[in-house]
Amino acid sequence: MMGSWFRRLRETRHSGNDHTIQYAREHKVPFFGICLGMQCATIEYARDAAGLKQADSTEFDPQTPHRVIYKLRELLGVDEMGGTMRLGAWPCKLEPGSFAHKAYGKLEISERHRHRYEFNRDYEKALVAAGLRITGRTPDENYVEIVEAQEHPWFLGCQFHPEFKSKPLEPHPLFAAFIGAALEHKKNKARSVPGPTRAQAVGLTPHVTA
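Structure report, in brief. All values reported here derive from a predicted model rather than from experimental measurement. (Residues numbered from 1 in each chain as written. Predicted model: local features only at pLDDT ≥ 70, side-chain atom pairs only at ≥ 80, totals over all residues. Heavy atoms only, no water.)

**Describing the packing of aromatic side chains**
Each aromatic ring pair is characterised by the separation of its centres together with the angle its planes make.
Moving on, step 1. Applying the stated rule across the entire model yields seven aromatic pairs.
Moving on, step 2. Judged by centre distance (5.7 Å) and plane angle (85°), the ring pair of Phe32 and Trp154 falls under edge-to-face. Remark: Trp154 occurs in the loop between strand S8 (144-149) and strand S9 (155-158) and Phe32 occurs in strand S1 (residues 31-34); sequence separation between them is 122 residues.
Moving on, step 3. Judged by its relative accessible area of 14%, Phe32 is buried.
Moving on, step 4. The buried category is assigned to Trp154, whose relative accessible area is 5%.
Moving on, step 5. Ring geometry for Phe32 versus Phe178: centroids 5.7 Å apart, planes at 50°, classification tilted. (Phe/Tyr/Trp six-rings, centres within 6.5 Å; stacked < 30°, edge-to-face > 60°. Helix = DSSP H or I, 4+ residues; strand = E, 2+ residues; numbered from the N terminus. Buried < 20%, exposed > 50% of the residue type's maximum accessible area, 1.4 Å probe, protein only.)

**A few points about the pattern of salt bridges**
Side chains that differ in sign of charge can pair as their charged atoms come close.
Moving on, step 1. Taken as a whole and judged by the stated rule, the model has nine salt bridges.
Moving on, step 2. We note a salt bridge from Glu118 to Arg86, for which the minimum N-O separation is 2.7 Å. Remark: Arg86 occurs in strand S4 (residues 86-94) and Glu118 occurs in strand S6 (residues 117-119); sequence separation between them is 32 residues. Accessibility classification places Glu118 together with Arg86 in one group, the buried group.
Moving on, step 3. The closest approach of N and O atoms between Glu124 and Arg121, which form a salt bridge, is 2.7 Å.
Moving on, step 4. What emerges from the salt-bridge pattern is a single network uniting Arg25, Glu26 and Glu44. (Salt bridge = Lys/Arg side-chain N within 4 Å of Asp/Glu carboxyl O.)

Treat this as a map of the structure, not an account of what it does.
And the structure:
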C-alpha cells in the first residue's frame, strides 16, 4: 500500500516537473536540473520538442514505448560493474562553448554520482535533431552527463551531483553560473516592464471633456 502511494506521488511530481520545465524552456527562463531534474528535462524535450508523446523513464512507467531514461543495469555490459548504481567520482568531457564549459572554464572535469537511471543513447539522434544539446559525456562516451537547450539564455541539466562539491563561501561553478543567469534574467525582465506615465506617477486623473 505504502509503495503504491509513494509511486503515485512521484508520478504526480514528475508530471508537474514536465510542465515547469517546458515553461522554462519555451519562455527562456534559466533552468538548472540536477540528477532527476536532468532526466525530467530529457523526458520533457522528448515529448514536447521531439514529438515522442509517451516518452518517459522506466522509473515512472516501466511499459513506456519510448524509454529515454532507463535503469543502469539495462545498459550493455553494465552487469560487469557488479551493481545497479553509478557511484563516486567520474570524469566528464565538455563541449566547447557550452554553458558548462563557460561555467567551469575548462573542458575536462570530475564530478560525483549517486543514481540508478541513465540517458538512453538509443534516442540521442532524435533528441539532438530536435535541438537538445549533449554537452557532457564520459570519456568512453557510454554515459551522457550534461544536456542543454539551444537558443536559450541558460538551460542545463546534469546527471551528477554538484552540491557534493559546493561550499557556502565557494559555490560550485554551475550554481554560480545559474544564479548569475537568474539575476540577469530578472534585470532584463525589469527593464522590459514600462514605467508609469508622468500623470500616473503624480496621481493625476486625465481631464475628460464633454
